[in-house]
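# Reading the structure
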Amino acid sequence: MPENTNTEKEKPRIGVFICHCGSNIGGFVDVKAVTEYASTLPDVAYATDNLYTCAEDGLNNIKESIKEHNLNRVVVSSCTPRTHAPLFQRTCEAAGVNKYMFTFVNIREHCSWVHMKQKEKATQKAKDLVRMGVARARFLEPQEETKVDVTPVALVVGGGVSGMTAALSLANMGFPVHLVEKEKALGGFVKNLHGLMMTTKSANETIKPLIDKVDAHKNITQHLSSHLASVEGFIGNYDVSIGGDGAEAKDVKVGTIIVATGAVPLVPEGLFGYKEHPNIITSTEFEELCNKKELPKLKSVAFIQCAGARGQKVSYCSRICCNVAIKSAISIAENRDNMLGVTEEEGGVVEEPVAEKKAEDEGLDRRRRRRGRGRREEGEAGEESAPSSGVDITVFNRDVMAYGVENELEFNKAREKRVKFIRYVPDNLPKVSVKDGKLEVEYFHETLKMERTMPVDMVILSTPLVAQPDAATLSQLLKVPLGQEGFFQEAHVKLRPVDFATDGVYVCGTCRGPADIAEAVYQAAAAASRAAIPLANGFVQAEALTSRVDETKCTGCGTCVEVCPYGALRKSEEGISEVIAAACKGCGCCGATCPEGAITMTHYTDLQLLAEAKAALEEV
Amino acid sequence: MSSTAPNAGGQTKAEEEDFEPKIIVFCCNWCSYAGADLAGVSRLQMPPYFRVIRVMCSARVDPEFVLRAFQKGADGVLVAGCHPADCHYIGGNYRTRRRIALLRILLQQFGFDPGRLKLAWISAGEGEKFQKTIIEFTDVVNELGPSPIGSSD
């Protein structure tokens, strides 16, 4: 281990290389004077200046000087470590000096470039900065990067569309997968729905092939009616206990974990007269009624969008509800699958032309619509835009979010089918009331600037998807964060959307925010590929820079365990803290927290940082 | 080249005395150090009295480091980290925020002006904010004068 290497015990022999960077530094700092000063500092065995330290000449100079002067520490004083540290570290390693025995001093971005009119003071500052770097270098220790083996098995939590897709992807790559689902059957939220956007197939028909593949796959072990009872370990080495209803807990060992627990619809208690009349329902309840073929007779339907969303019960836009309402409105207008239960003699329902066209070829249909508005207006307009079911459909909305190509086309199609879209503003929400057992929507027409009343047979509230009520429990088990709205929070909103900050745990589907099926599928595929990387490699490279606990000083107070954002500290059986190197990211928060000074943050030790600060403040 | 900040060159003539404040700046690697780099790349001129110490996360800054810096004669200490909700290490900056708030109270209780300790959020894209922070903080420390502790080496 690093502590025992010879270099550490050797007396420091520091080489200091000061860069002119052409005139970038040399033009504003007296580099010769700084170099001369550097050679007088304690433990500096050699100091020199280079026109460009990062050029081949400069790098060779470092390598040769290491050999010639038997250097065991290197300080380069030039630009920024954020761009050039790896280059110089490789150079040190090539000459046999551990790359952690290198210190970077920034005299360009932080000195010559920002004090261009004060050469004397800039030179003084450069000397100070070099002195700080040398002071730090004296306390450096070599470090080694270690490898940790990975169990090539995955765990997927949640058996909805996302979870099944992720499990299947991993299983197809050849990895055994444990799929945990809390309900009795696979299918998640979608299995309770009736129709989906952009397909005439029912929800269940749509996901059946996915379920069949999961059922048939030899690499997937299903754990239905089950939940995670406990999770111990870290990337590559998780010990997971899966609890079932009444069954004995099963223990499995896995390398990576995907969270795909989905979301639930908001129950709009106290909003828009919900529960005051059996025909005031949520869009999810509408789907269930359709599934059970229990939709009451309808002549007029009102959808209310953003019911509970965007500042009411939750702050966000649930993204899918506009498209769901458009889909439902079209289904009602087309009386799809005779969902309205209207018999033919009652009239008003045109079955043949619409149904037939729909069944044809959806792609063709879409292409046609995309290609020619004009043509349709001439010839085909009549058959396509005929209001078919004779039901008045109104969608009260703040604005319609029919993003993307397909959704916008569906939105147009709904309008062609005479679905009315009426805007409301958040300060003036539509009111739903029951008068003599009949439903009414009172609203302010923003275009006409008039109060209006609309009698309706049914009000469908488009409520947002909200986080699973037990998301917090899982978040604690896996030590991964939830965002403000209770959804799981990814590592980076743009660049790492399916990773958690904790290595080894990934996220996909609606448990990280509302998403439609296609989005859930590609998130799941992405999460599966991310989760497969450590499984395929068979090992993970642990950070060399991790914190370390001095067992003789630790009192087991557990403060560090609490503050670590990565769950990289735990209490050992003896009750003192220990670091899980594979999980540690090296932020050093624990080191600053420990009241006993028992934690050392490698490469940013108290000793090194205090030496740097002290050197900065020395009177010269 | 682009700087037109009023006090970019240090003290104004009226203030120019012998006092050259010693300011320690702890910068987290991911945001504020990069912000300082950007200030340099943009040639934003600043008073030359600050010395940057790089740490991986602002949460690495043990309150003891700050106290030691003051003990050794720092006239001002600036701790700079990522903006709230933007920490490279999830929430290290929130820990820093709490610690600095407490530390300021502690400094005040010891009769030490808490204005000598400053916390700033500077992102990797905020070179100008880094410059502004340094100029303003240098002004504040100039105003406060030499630390009553002085160098006690």
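Residues numbered from 1 in each chain as written. Chains lettered and ligands numbered in written order. Predicted model: local features only at pLDDT ≥ 70, side-chain atom pairs only at ≥ 80, totals over all residues.

## Considering the overall build of chain B
- Along chain B, the regular secondary structure elements total four helices and four strands.
- For chain B, the sequential pattern of α-helices and β-strands runs β-α-β-α-β-α-β-α.
- The long-range share in chain B, meaning contacts at least 24 apart out of those at least 6 apart in sequence, stands at 82%. (Helix = DSSP H or I, 4+ residues; strand = E, 2+ residues; numbered from the N terminus. Contact = placed C-beta atoms within 7 Å.)

## Examining the domain arrangement of chain A
- Domain assignment breaks chain A into domain 1 (2-143), domain 2 (154-262 + 468-540), domain 3 (267-350 + 386-464) and domain 4 (543-602).
- Computed over C-alpha atoms only, the centres of domain 1 of chain A and domain 2 of chain A are separated by 49 Å. (Domains from an automatic or database assignment.)

## Some points on the packing of helix 7 (residues 161-172) of chain A against helix 8 (residues 203-216) of chain A
Residue and element names in this part refer to chain A.
- Helix 8 packs onto helix 7 with a crossing angle of 45° between their chain directions and a minimal axis gap of 10 Å. On the basis of the axis angle, helix 7 is oblique to helix 8. Judged by the sense of rotation from one axis to the other, the crossing of helix 7 with helix 8 is left-handed. Contacts between helix 7 and helix 8 pair Val-161, Met-164, Thr-165, Ala-167 and Leu-168 from the former with Ile-207, Leu-210, Ile-211, Lys-213 and Val-214 from the latter.
- Taken together, the residues that form the contact of helix 7 with helix 8 break down as eight nonpolar, one polar and one charged. (Axes fitted to C-alpha atoms, helices over the stretch in contact; angles between N-to-C directions. Parallel < 35°, antiparallel > 145°, perpendicular 65-115°, else oblique. Left-handed = near helix turned anticlockwise from the far one by under 90°. Nonpolar A, V, L, I, M, F, W, Y, C, P; charged D, E, K, R; others polar.)

## Considerations on the interface of chain B and chain A
- Taken residue by residue, the interface counts 38 residues in chain B and 40 residues in chain A.
- The biggest single contributor to the side of chain B that touches chain A is helix 1 (residues 32-41) of chain B, with seven residues.
- When its residues are assigned to classes, the side of chain B that touches chain A shows 21 nonpolar, seven polar and 10 charged.

## Some thoughts on the nonpolar core
- Counting 233 residues, the largest nonpolar core has Ala-154, Ala-167, Ile-258, Val-259, Ala-329 and Val-459 of chain A as its most contacted members.
- When sequence neighbours within four positions are dropped, the list of residues in contact with Ala-154 of chain A reads Leu-170, Phe-175, Val-177, Val-254, Gly-255, Thr-256, Ile-258, Ala-531 and Leu-535 of chain A. (Core = buried A, V, L, I, M, F, W, Y, C linked by C-beta atoms within 7 Å. Buried ≥ 20, exposed ≤ 12 C-beta atoms within 10 Å, placed from the backbone.)

## Some remarks on the sheet that holds strand 2 (residues 50-55) of chain B
- Read across the open sheet, the four strands follow the order 2-1-3-4 (chain B); overall the sheet is parallel. Edge positions in the sheet fall to strand 2 and strand 4 (117-121) of chain B, since each of these pairs with one other strand and no more. Averaged over neighbouring strand pairs, the angle between their axes works out to 20° when direction is ignored.
- As paired elements, strand 3 (residues 76-81) of chain B and strand 4 of chain B share five bridges and run parallel to each other. Residue pairing across strands places Val-79 of chain B opposite Leu-119 of chain B, the latter belonging to strand 4 of chain B.
- Those strands touched by helix 19 (residues 606-617) of chain A are strand 1 (23-28) and strand 2 of chain B, and its axis lies near 175° from that of strand 2 of chain B. (Pairing = 2+ DSSP bridges.)

## A few points about helix 3 (residues 92-109) of chain B
- Counted at 1.5 Å a residue, the expected span for helix 3 of chain B with its 18 residues is 26 Å, and the 26 Å between its end C-alpha atoms agrees.
- Taken together, the buried positions of helix 3 of chain B are occupied by Gly-92, Asn-93, Arg-95, Thr-96, Arg-99, Ile-100 and Leu-103 of chain B. Burial along helix 3 of chain B is one-sided: seen end-on, the buried residues are contained in an arc of 135°. Summarising the geometry of helix 3 of chain B, the exposed residues directed more than 90 degrees from the buried face are Arg-98, Ala-101, Leu-102, Ile-105 and Gln-109 of chain B.
- In this fold, the buried residues of helix 3 of chain B make contact with helix 17 (559-563) and helix 18 (589-593) of chain A together with helix 2 (63-71), strand 3 and strand 4 of chain B.
- Just downstream of helix 3 of chain B lies Gly-111 of chain B, where phi reads positive at about 75°. (Expected span 1.5 Å × (residues − 1). Arc of directions from axis to C-beta.)

## Thoughts on the sheet that holds strand 18 (residues 431-435) of chain A
All names here are of chain A.
- Spatial strand order, 18-19-20: three strands in an open sheet with antiparallel pairing. Either end of the sheet is taken by a strand with one partner, and the two such strands are strand 18 and strand 20 (450-456). Strand-to-strand twist across the sheet, computed as the mean angle between neighbouring axes with direction ignored, equals 30°.
- For strand 19 (residues 438-445) and strand 20, the ladder comprises seven bridges, and the chain directions are antiparallel. Residue pairing across strands places Glu-442 opposite Thr-453, the latter belonging to strand 20.

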